[in-house]
Amino acid sequence: MTQDSIVRRITDFANRADPYPVYRELRRTPVLHEEEGGPYVISSYWDIEALLHDPRISSDAANLAAAGDDTLLQSEETGGLPPSFLRLDPPEHDRLRRMANSAFGPPHRPRRIDGMRGELREIVTGLIDGFGEAREVDLVDQFAYPFPVTVICRLLGVPREDEPRFRAWVDPLVASLDPETRREADEEFAKTAREARMQLGMYLAGLAEERAKEPRDDVLSDLVNGHGPDGAMTMMEVLSTSILLLIAGHETTVNLITNGMLTLLRHPDVLERLRHEPDLAPRLVEELLRYEPPVQLVPQRTCVTDIEVRGVTIPKGSRIWLVLAAGNRDPERFADPERFDPDREDIQHLGFGSGIHICFGAPLARLETQIALTELARRLENPRLVQDPPPYRENAVLRGPRHLGIAFDGIR
Ligand code: HEM
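Residues numbered from 1 in each chain as written. Predicted model: local features only at pLDDT ≥ 70, side-chain atom pairs only at ≥ 80, totals over all residues.

The name an unreviewed UniProt entry assigns to the protein chain is Cytochrome, from the organism Streptomyces malaysiense.

Spelled out as structure tokens, the structure:
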């Protein structure tokens, strides 16, 4: 791959603060294949949407390994843990997702997320009160990260005070999602990721064993004890599923909240509107998922047979990257796509993916972000950015600022 290849520029950290010019260029070649053995990169909305629904496209970790992307499988497989349902195809995917789903809303009681509004608001209020007398905060460390971590810990039944322990295992696993990191990964990195998954699995196994003996009102207890029609998961399946939920449950939402506040501070008229018009929040969050999606691309698909996209034959076994963030700004799909417009009527974005792997946690992520942004808009007096653009996290897949300095005059 040459230095200036487009694929390289998608993952290049230098473009992290503003990857959208690269995506514009990318869309000129809707099926881009730059070199032998490299991925087929898909960037138009309709093609991505179609491929996410196409059963010839596989999410199976074993197929990805066969396509030459080994590091991931090594880190997925280790510790004897099977891949999570994110990395499986039907029928296994569907069975495990159904079981996880019934743990989030067992038939014998209301769905967990629906009843959480008050609790979420309370956590948000506590975090904003915690700014104290400060007139400048790092929104990531002091708000956008601790909020979803607290929520997913409570939901799953993981002690919140263990966060520093699991953080050390989550970081290398999240880094291994980034194709750039995977390409440059040496055996040392692969080993670190493998060990991290194993350690996290062992830590969760301890909690799961406690729940098997003494169930509580949490998702882990319901995963272990299985109330749905499919019965209970095996312990290995419980562990893979809870690792997935723990990581997916906060590593993405932190970026939606942070990207959201950054976008609002760049559009102060919309921020002011939200302050007076909290009902704007649901539509605003959907537009954010289109305009600045926390999951920029899905690089872990392969095709199980030859397929044709726009006259290009993608041979069986090829790796496919679906660049959700490019599809979200495709002018063939959205009018004036580079404009942030919370009044957009037609907003079927790709921010949560689509098809059978569509985000499992979308209702929770939406509610968390709606409450977070509404409360920040309502309570911070005259908020402004300390640095624009802010420093970004390395990751090209899960994209968002590492820090977001915000200055303000007081707390209402
Ligand atoms: C899947 C985005 C929050 C759990 C996905 C996918 C996307 C996504 C794009 C599809 C991946 C693919 O097709 O390969 C997001 C965003 C979030 C968010 C942008 C926050 C703003 C959450 C939360 C949870 C969660 C809070 C857990 C409570 C999952 C799971 C899957 C998934 C389990 C796999 C679904 C499957 O394979 O069937 N998410 N997510 N996500 N998400 Fe989320």
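**Remarks on the pairing of strand S8 (residues 319-322)**
Of the two faces of S8, both are covered, the one formed by Arg 319 and Trp 321 as well as the one formed by Ile 320 and Leu 322. As paired elements, strand S2 (residues 40-42) and S8 share three bridges and run parallel to each other. Bridging across to S8, Tyr 40 finds its partner in Ile 320. Bridge count between strand S5 (residues 298-303) and S8: three bridges; the pairing is antiparallel. Considered in S8, the bridge of Thr 302 is made with Arg 319. (Buried ≥ 20, exposed ≤ 12 C-beta atoms within 10 Å, placed from the backbone. Helix = DSSP H or I, 4+ residues; strand = E, 2+ residues; numbered from the N terminus. Pairing = 2+ DSSP bridges.)

**A short note on the site of the ligand**
Neighbouring residues of the ligand: 23 residues in total, closest Ala 248, Thr 252, Gly 353, Cys 359 and Gly 361. Counting only elements with at least two residues in the shell around the ligand, the list comes to helix H14 (235-251), helix H15 (253-266) and helix H19 (362-379). Examining the composition of the shell around the ligand, we find that four residues originate from one element, H14, more than from any other. (Near = placed C-beta within 6 Å.)

**Here we look at the sheet that holds strand S4 (residues 136-138)**
Pairing is antiparallel across the open sheet formed by three strands, whose spatial order is S4-S11-S10. Of all the strands in the sheet, the pair left with one neighbour each is S4 and strand S10 (384-385). One ladder, built from two bridges, connects S10 with strand S11 (residues 405-407); its direction is antiparallel. Bridged to Leu 385 within S11 is Ile 406.

**Description of the sheet that holds S8**
In sheet architecture, strand pairing relies on hydrogen bonds along the backbone and comes in two forms, parallel and antiparallel. The mixed open sheet is built from five strands, whose spatial order is S1-S2-S8-S5-S3. Two strands bound the open sheet, and with one partner strand each, they are strand S1 (31-33) and strand S3 (57-58). Pairing analysis gives two bridges linking S3 to S5, with the strands arranged antiparallel. Bridge pairing in S5 places Ile 57 opposite Cys 303. Of the strands in this sheet, S2, S3 and S8 touch helix H3 (residues 45-52), which is tilted by about 125° from S8. (Contact = placed C-beta atoms within 7 Å. Axes fitted to C-alpha atoms, helices over the stretch in contact; angles between N-to-C directions.)

**Considering the packing of helix H7 (residues 117-129) against H19**
In contact at an axis separation of 10 Å, H7 and H19 are set at 40° when each is read in the N-to-C sense. Considered as vectors, H7 and H19 are oriented oblique to each other. Crossing angle aside, the handedness with which H7 passes H19 is right-handed. When H7 is examined against H19, the residues Arg 117, Leu 120, Arg 121, Val 124, Thr 125 and Ile 128 are found in contact with a partner set consisting of Leu 367, Glu 368, Ile 371, Ala 372, Glu 375 and Arg 379. Considering only residue class, the contact of H7 with H19 consists of six nonpolar, one polar and five charged. (Parallel < 35°, antiparallel > 145°, perpendicular 65-115°, else oblique. Left-handed = near helix turned anticlockwise from the far one by under 90°. Nonpolar A, V, L, I, M, F, W, Y, C, P; charged D, E, K, R; others polar.)

**Details of the nonpolar core**
In this structure, Leu 322, Val 323 and Leu 373 are the most contacted members of the largest nonpolar core, which totals 108 residues. It is H19 that provides the largest number of residues to this core, a total of eight residues. Non-local contacts of Val 323, meaning those with residues more than four positions away in its chain, are made with Tyr 23, Leu 26, Val 41, Ile 42, Ser 43, Gln 296 and Leu 297. (Core = buried A, V, L, I, M, F, W, Y, C linked by C-beta atoms within 7 Å.)

**Comments concerning the environment of Arg 16**
Assignment of secondary structure puts Arg 16 in the loop between helix H1 (6-11) and helix H2 (20-27). Filtering out sequence-adjacent residues up to four positions away, Arg 16 remains in contact with Tyr 392 and Arg 399.

**Side note on unusual backbone geometry**
A cis amide bond links Pro 90 with the next residue in sequence, Pro 91, at an omega value of 5°. Assignment of secondary structure puts Pro 91 in the loop between helix H5 (70-77) and helix H6 (92-104). Omega for the bond connecting Asp 388 with Pro 389 falls within 30 degrees of zero, at 0°, which places this linkage in the cis form. Along the polypeptide, Pro 389 turns up in the loop between S10 and S11. Positive phi values are uncommon outside glycine, yet Arg 310 reaches one of about 50°. The residue Arg 310 is located in the loop between strand S6 (307-309) and strand S7 (312-314) in this model. With 11 C-beta atoms counted inside 10 Å, the residue Arg 310 sits in the exposed group.

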